[in-house]
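Survey of secondary and tertiary structure
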Amino acid sequence: MNALPKYVLSRTLKTADDWHNTSVISYDEVPALRERGDLVMFGCGQLAQDLARDGLLDELQLWLAPVVVGSGARLFAEPTALLELVFDYAQPFSSGVVKLTFRCPRQ
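Report on the accompanying structure. None of the values given here were measured: they were computed from a predicted structure.

So, on to the overall build of the protein. Counting secondary structure elements, the protein contains 2 helices and 5 strands. Ordered by position in the sequence, the α and β elements of the protein form the string β-β-α-α-β-β-β. Projected onto its principal axes, the C-alpha coordinates of the protein cover approximately 40 × 35 × 30 Å. Across the 107 residues in the protein, those meeting the buried criterion constitute 21%. Across the protein, contacts joining residues at least 24 apart in sequence account for 42% of those joining residues at least 6 apart. Accessible area for the protein stands at about 8500 Å²; split by element, carbon and sulfur atoms hold 57% of it. Charge-centre separation for the protein: the mean point of 10 positive side chains lies 1 Å from the mean point of 13 negative side chains.

In structure tokens:
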């Protein structure tokens, strides 16, 4: 992983010198970066919501664990527009976890 180029989206950081081959970019740089190749983002939260809102999300993988809790944060806040997801495939694991993969057609 250290050999791969990495990008950190930040409003406050100027450099990421502690992590080899890492650049700090702004959100406005994401569309041009996507044109150069595939990007992978781990996690969710506001960035995932912003990418989906702006049509910059091509694929969404949800890892469903067989655990039920009483509360938690929503995957996406109330959307202002419909986020269409097209089922691609499911991959079950012996642990009971299922990876669900959806394509996100561009609007």
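After that view of the structure, there is still more to cover.
Its boundaries defined by the atoms lining it, the largest pocket holds a volume of some 1400 Å³. Lining the largest pocket are 37 residues, and of these Leu39, Val40, Met41, Phe42 and Leu51 sit closest to its centre. Looking at the lining of the largest pocket, the elements with two or more residues in it are strand S1 (6–9), strand S2 (22–25), helix H1 (30–36), helix H2 (46–53) and strand S3 (59–64). Ranked by residue count, the leading element in the lining of the largest pocket is S3, at 6 residues. Taken together, the residues of the lining of the largest pocket break down into 27 nonpolar, 4 polar and 6 charged.

Counting residues in each nonpolar core, the largest one holds 10 residues, listed as Ile25, Val30, Leu33, Leu51, Ala52, Leu56, Leu57, Leu60, Phe76 and Cys104. Within the residue set of this core, elements represented by two or more residues are H1 and H2.

Our next topic: a nonpolar patch on the surface. Residues Met1, Leu4, Trp19, Val40 and Phe42 make up a contiguous nonpolar surface patch of roughly 650 Å² in combined accessible area. For Met1, the position within the fold is in the segment before S1. Residue Met1 is classed as exposed on the basis of its relative accessible area, which comes to 63%.

This part covers the sheet that holds S3. Spatially, S3-S5-S4 is the arrangement adopted by the 3 strands of the open sheet, whose pairing is antiparallel. Each of the sheet's edge strands pairs with one partner strand only, and the pair in question is S3 and strand S4 (86–92). Sheet twist, expressed as the mean angle between neighbouring strand axes with direction ignored, is 20 degrees. Alignment of S4 against strand S5 (residues 98–103), held across 6 bridges, turns out to be antiparallel. Each residue of the ladder has a partner; that of Gln91, found in S5, is Lys99.

Calculation notes
Residues numbered from 1 in each chain as written. Predicted model: local features only at pLDDT ≥ 70, side-chain atom pairs only at ≥ 80, totals over all residues. Heavy atoms only, no water. Helix = DSSP H or I, 4+ residues; strand = E, 2+ residues; numbered from the N terminus. Buried < 20%, exposed > 50% of the residue type's maximum accessible area, 1.4 Å probe, protein only. Contact = heavy atoms within 4.5 Å. Areas by Shrake-Rupley, 256 points an atom, 1.4 Å probe, with all protein chains shown as cover. Lys, Arg positive; Asp, Glu negative; His and termini not counted. Charge placed at Lys NZ, Arg CZ, Asp CG, Glu CD. 1 Å grid on protein atoms, 1.4 Å probe; cavity = no way out; pocket = protein on both sides within 12 Å on 5 of 7 lines; lining within 4 Å. Points joined across faces, edges and corners; volume = space filled by probe spheres on them. Nonpolar A, V, L, I, M, F, W, Y, C, P; charged D, E, K, R; others polar. Core = buried A, V, L, I, M, F, W, Y, C linked by side-chain atoms within 4.5 Å. Patch = residues over 30% accessible without salt bridge, like charges linked within 9 Å, V, L, I, M, F, W, Y side chains within 5 Å. Salt bridge = Lys/Arg side-chain N within 4 Å of Asp/Glu carboxyl O. Pairing = 2+ DSSP bridges. Axes fitted to C-alpha atoms, helices over the stretch in contact; angles between N-to-C directions.

That is the geometry; function is a separate question.
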